[in-house]
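# Secondary and tertiary structure notes
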Amino acid sequence: MKIIKQFPPIILIAIFLISCRTSINKEYPIKNLKKNINENSNSDKKRMEIKFSCGEDGISEYLDDGWNILKEDSQEKICTWKSVPATKDCNMENDKGCKITKPDRIGEEKIYLLEK
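A short tour of the structure in this document, coming up. Predicted, not measured: the structure shown is a model, and the values here were computed from it.

## A closer look at the sheet that holds strand S1 (residues 47–53)
- The three strands are arranged S1-S3-S2 in an open sheet whose pairing can be described as antiparallel. Only two strands of the sheet have a single partner each, and these edge strands are S1 and strand S2 (68–85). Neighbouring strand axes in the sheet, compared pairwise and without regard to direction, differ in orientation by 20 degrees on average.
- Judged from the seven bridges that link them, S1 and strand S3 (residues 99–115) form a sheet pairing that is antiparallel. Bridging from a neighbouring strand, Ser53 pairs with Glu109 of S3.

See below:
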């Protein structure tokens with residue numbers, strides 16, 4: 001009777017040991033992993049994003065330094081703002097509540113993604 005009570009734990013331990021042993025014996029494609037790691041370590045490229053706005057343009061300095069343009073994007077940007085009175089009889093110096101700020105000059109912002 002005592003042997004029958006000890007039998008289920010022995011079976012569970014045996015199943016556990018057998019399952020661990022089969023997972024250790026599995027072979028994984030290690031050669032492919034090493035190849036991918038070597039390829040990634042050789043690609044030592046640097047990336048940078050720069051922005052020029054409102055007529056500035058300094059991209060030629062980066063191109064002369066060996067950078068290549070991967071992506072170029074442009075969008076509209078407000079360069080300067082001006083304050084105007086809200087009504088004709090408004091005194092902007094004395095009454096700050098009637099002062100409205102609106103765009104004065106609208107330019108273009110260029111965004112470059114560079115790689116070296």
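Still to come is the rest of the account.
## Quick word on the state of the cysteines
- Tallying each qualifying case throughout the model produces two disulfides.
- Linked covalently through their sulfurs, Cys54 and Cys79 form a disulfide whose S-S length is 1.9 Å. The sign of the -105 degrees torsion about the S-S bond sets the Cys54-Cys79 disulfide as left-handed. One end of the pair, Cys54, is in the loop between S1 and helix H3 (59–64); the other, Cys79, is in strand S2, and 25 residues separate them in sequence.
- Linked covalently through their sulfurs, Cys90 and Cys98 form a disulfide whose S-S length is 1.5 Å. A torsion of 65 degrees about the S-S bond marks the disulfide between Cys90 and Cys98 as right-handed.

Conventions adopted
- Residue indices begin from 1 for each chain and proceed along its sequence in written order.
- Two thresholds apply to this predicted model, a pLDDT of at least 70 for residue-level local features and 80 or more for giving and counting side-chain atom pairs, whereas whole-chain, interface and lining totals are computed over all residues.
- Excluded from the side-chain calculations are hydrogens and water; all other atoms, namely the structure's heavy atoms, are used.
- Paired strands, as defined in this entry, are two strands with at least two bridges between them according to DSSP.
- The secondary structure listing takes helices from DSSP runs of H or I that are at least 4 residues long and strands from runs of E that are at least 2 residues long, numbered from the N terminus.
- Helix axes are fitted to C-alpha atoms over the stretch in contact, other axes to C-alpha atoms as well, and angles between N-to-C directions run from 0 to 180 degrees.
- Any cysteine sulfur atom paired with another within 2.5 Å is treated as part of a disulfide.

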